Amino acid sequence: MSLQPSFLLFNASNLLPGPGPSVPLVYPYAFVQVREIADRYGISVKSLDVSVLEGADLTWQRLVKTLVVENEPVAIGITIRQVDSLNVFDSLDGKVRFDPIGFTKRLMKFLRAQTAAPIILGGFGFTAMAQQLFTFLRPDYGVCGDPDGFFAAFPHVLEGRDLSRVPNLVHWSGDKIITNPRQHYAPASRPEYTTAIFEDIQRFYGAHRLYSPQQFMGLPVELSRGCPYACSFCIEPLVKGRQERVRDLDVVMEDVEFLARQGIAKFWLICSEINLHKSDLILNVAERMSRLREKYGTHLTWNAYLLPREYSREEIMTVVNSGFLGAGNDYVSMDPATMKASRLPYNHKQSMRWLETYNMAGAMLSPGGIRDWSIFLGHEGNGPGSIRTTLETLLRMNLLEYYDKVLTINATRVFDIHQREYEEQYLYRVLPDDKDGIGPLNINAFPTYYYNKSLVDALGGIDKVEAFFRFLQCTILSNQTKTRFDAGRFLREALSASEFRSLFLEHCSLSLDEADLDLIFNRRVVDPRAIEAARELCEQLSRSRLADLTLRQVWRPSFAEHDRFQVETARAASRILLLCLFSGWQEQCTRVLEEIGFKGLTAKALWTTPSFVVHQTLFQRFGSQATLEEFQTEQVRLGAWEGTPFLFYRFLLAFNGIVLKPEYRPFFVHPDACESGDPQGEPAMRF
Ligand code: B12
Ligand code: SF4
């Protein structure tokens, strides 16, 4: 056993990869950093992440017990990286799915039964919620932020002496919680990684993850700490300090190179943002990473958070060629006023330019790859007007329906460190089933999210905000609604095969080229074999002049599991049939479009007209679903819409996922724009 005082460090707050959108497993960097700081004062640290052992019956208890018995620790630390996933959608079913605080409590109870050593809490998550977590978890001590001062005064803390002089310490004075003044420290001036730590990392990940870039986010190496800005949703400046402290780059690269020698190919350079002040730092790092790649190979890649700022072409090339993968923070809005009010240190032009660059790089690096994006539209700075401006900006940038998946962040996590008051009716809280020791139920340590007041009021409740954002994600922002539109089912339910034949043979022909296929299929998502099979089926249909037997493959495909491909083919063929049908009846379809407010739009162009534009136009012309339905009933009664025109109208609604709820209207058209006219003189459509 080591003669140095032993400090055991645990983590029960790792968010493990789950079924929803999640990141691969992450080794807690606190294990590396705390160990290095403690080592400066002759304290030996051993660590264990119990999160990964949860569920495996009694495994973590056995391992924790063994560590305690073998090391006889003088103190025990627990790092709390985060209090929950920061994603409200993980708790929308009212359950606390990821419960680091509950788990930490169970771990503490178990530890208390094994040893009298004091328990100290620390970490980003703890710092953001120090008072409430201290009250609920009742540790002996807590440390807000950097523990350098704590370890320097370690013997005093153990004896309970001079506690008020220990920077960042949280401690008891009788029943009162005392929080000492904060002090921020610089990053380590020597390398942090050692062979012993690396062995622990190998055990944690296992070779299959550690050396596989897809299953691994990279090993963290600190580059800088602190941020001088104050974006309204972010707590990093409060937790890490307002002054940027950059670590000596030689030392950073010593850590990186040590890891590269162990075969590590991916690194995450830890900082708040790598380009807080111009591009000097990112370019310096890029240059050093390029040199390292010359020595160890171009498979080395790295990442860091960065702000969407200006870069010249040469700068972008330098950074990309150094293996930089690029991790942007979430966009909040594209509305200049909202961006300014949210105190973002970049303007909407910079963010637009950056997004274009990022998309271009993505399309170059992975041409057929799935495109995804996320945007924090639920942020309190947004409202119907700014969301409309954001959507209009994305429309101008041709980015509506560009992405295959878009995640909207719908609400803001509440943190005590912000010291803000919230109106309780706009908060969404979830508490664990076991409420033992929780005290007042307005505790923020469990999932607690603030919903944008103006959106809740405009839409009629938190659940309505959620429904609206789901609609935006699938139908307006991403191409999901259009990609998933089941043309096979649409056709089958709308008319019989023989009705279709009589509409078709009168006016249409089944001829199409590659450009037509691009128009109607999302080739990144649809199986190319299904498109090819659909094309062959359509050729057969054309040759046989829509013979019964061949049409049956579209109208009555086999739904047996082993015949899934038949259904896919029928679906794809139905898109082709619809395209050709509407092209054949072009004049009549264009008239339908004109009648409902689309001037100058052809049936073919409808396939690529963003659903946002279709909604805008319908909102402008009709204002609500009910008025549109009245109009439709009248058209049918008059016999103006029969056969293909009516089918085309129904297709327009289904393909664009039309929802004309009056409360959605201000998100699409300016509230002053009246129906059936346009007092603003602003045409709703842009192509
Ligand atoms: C890089 C990063 C990532 C990378 C990590 C890559 C990697 N290989 O490590 C990726 C993209 C994977 C990631 C994912 C996530 N992240 Co992240 N991430 C960060 C970032 C920028 C750095 C993290 C880090 O390592 N920091 C350095 C560590 C060591 O700092 P620290 O924990 O504060 O520790 C210091 C002190 O607190 C103290 N200390 C720590 N523990 C202890 C314990 C004791 C006893 C003592 C005395 C002291 C002490 O010592 C350290 C040195 O001073 C931070 C923001 C930031 N600037 O820190 C966000 C951050 C930690 N991430 C956050 C979130 C929410 C997540 C995700 C949950 C997102 C999601 N829903 O998927 C996941 C969780 C992943 C997981 N498995 O747990 C939030 C957490 C918010 C909160 N506290 O509630 C942060 C703070 C970002 C933010 N501003 O919101 N993340
Ligand atoms: S610049 Fe980044 S780290 Fe700084 S406050 Fe804004 S979001 Fe937070």
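Residues numbered from 1 in each chain as written. Chains lettered and ligands numbered in written order. Predicted model: local features only at pLDDT ≥ 70, side-chain atom pairs only at ≥ 80, totals over all residues. Heavy atoms only, no water.

The domain boundaries assigned to the protein chain delineate domain 1 (6-145 + 147-179), domain 2 (186-329) and domain 3 (589-687). For domain 1 versus domain 2, the separation of C-alpha centres amounts to 25 Å. At the interface, 22 residues of domain 1 touch 27 residues of domain 2. Considering only the side of domain 1, the residues that lose the most area to domain 2 are Y27, Y29 and F124, jointly responsible for 35% of the buried surface there. The interface formed by domain 1 and domain 2 holds two salt bridges in total. As a salt-bridge pair, R190 and D39 come within 3.0 Å of each other at their nearest N and O atoms. Those elements that place two or more of their residues in the side of domain 1 that touches domain 2 are α1 (29-40), β2 (44-49) and α4 (124-128). Looking at the side of domain 1 that touches domain 2 element by element, the count peaks at eight residues for α1. (Domains from an automatic or database assignment. Contact = heavy atoms within 4.5 Å. Buried area = accessible area lost by both parts, 1.4 Å probe. Salt bridge = Lys/Arg side-chain N within 4 Å of Asp/Glu carboxyl O. Helix = DSSP H or I, 4+ residues; strand = E, 2+ residues; numbered from the N terminus.)

Spatial strand order, β17-β19-β18: three strands in an open sheet with antiparallel pairing. Two strands bound the open sheet, and with one partner strand each, they are β17 (412-413) and β18 (427-429). Pairing between β18 and strand β19 (residues 448-450): three bridges, direction antiparallel. When the sheet's bridge partners are listed, R429 is paired in β19 with T448. (Pairing = 2+ DSSP bridges.)

On to the sheet that holds strand β12 (residues 301-303), then. Pairing is parallel across the open sheet formed by three strands, whose spatial order is β8-β11-β12. With partners counted over all chains shown, the strands left at the sheet margins are β8 (219-222) and β12, one partner each. Here the strands of the sheet are splayed against their neighbours by 30 degrees on average, with no regard to which way each runs. Here helix α12 (residues 280-296) sits on the sheet in contact with β11 (266-270) and β12, set at roughly 160 degrees to β12. (Axes fitted to C-alpha atoms, helices over the stretch in contact; angles between N-to-C directions.)

Below, the discussion takes up the site of ligand 2. Every residue lining ligand 2 is accounted for by C227, Y229, C231, C234, P237, S272, E273 and L307. Taken together, the residues that form the shell around ligand 2 break down as six nonpolar, one polar and one charged. (Near = heavy atom within 4 Å. Nonpolar A, V, L, I, M, F, W, Y, C, P; charged D, E, K, R; others polar.)

Turning our eyes to something else, we now look at the environment of Y311. Looking at the element boundaries, Y311 is found in the loop between β13 (305-306) and α13 (313-321). If we ignore the near neighbours within four places in the chain, the residues touching Y311 are N275, S279, I282, L306, I316 and W354.

Another point: the pairing of strand β15 (residues 372-375). Two elements, β15 and strand β16 (residues 405-408), share four bridges in a ladder whose sense is parallel. Pairing of S374 across the sheet is with L407, part of β16. Read from β15 through helix α16 (residues 384-396) to β16, the crossover connection turns out right-handed. (Right-handed = clockwise from strand over helix to strand, strands pointing away.)

Here we take up unusual backbone geometry. Most peptide bonds take the trans configuration, and most residues that are not glycine carry a negative phi. In the Ramachandran plot, N398 falls in the positive-phi region, its phi being about 60 degrees despite a non-glycine side chain. With a relative accessible area of 64%, N398 lands in the exposed category. At R545, a position not held by glycine, the phi torsion is positive, near 50 degrees. Positionally, R545 belongs in the loop between α23 (528-543) and α24 (548-555). Overall, the relative accessible area of 54% leaves R545 in the exposed class. (Buried < 20%, exposed > 50% of the residue type's maximum accessible area, 1.4 Å probe, protein only.)

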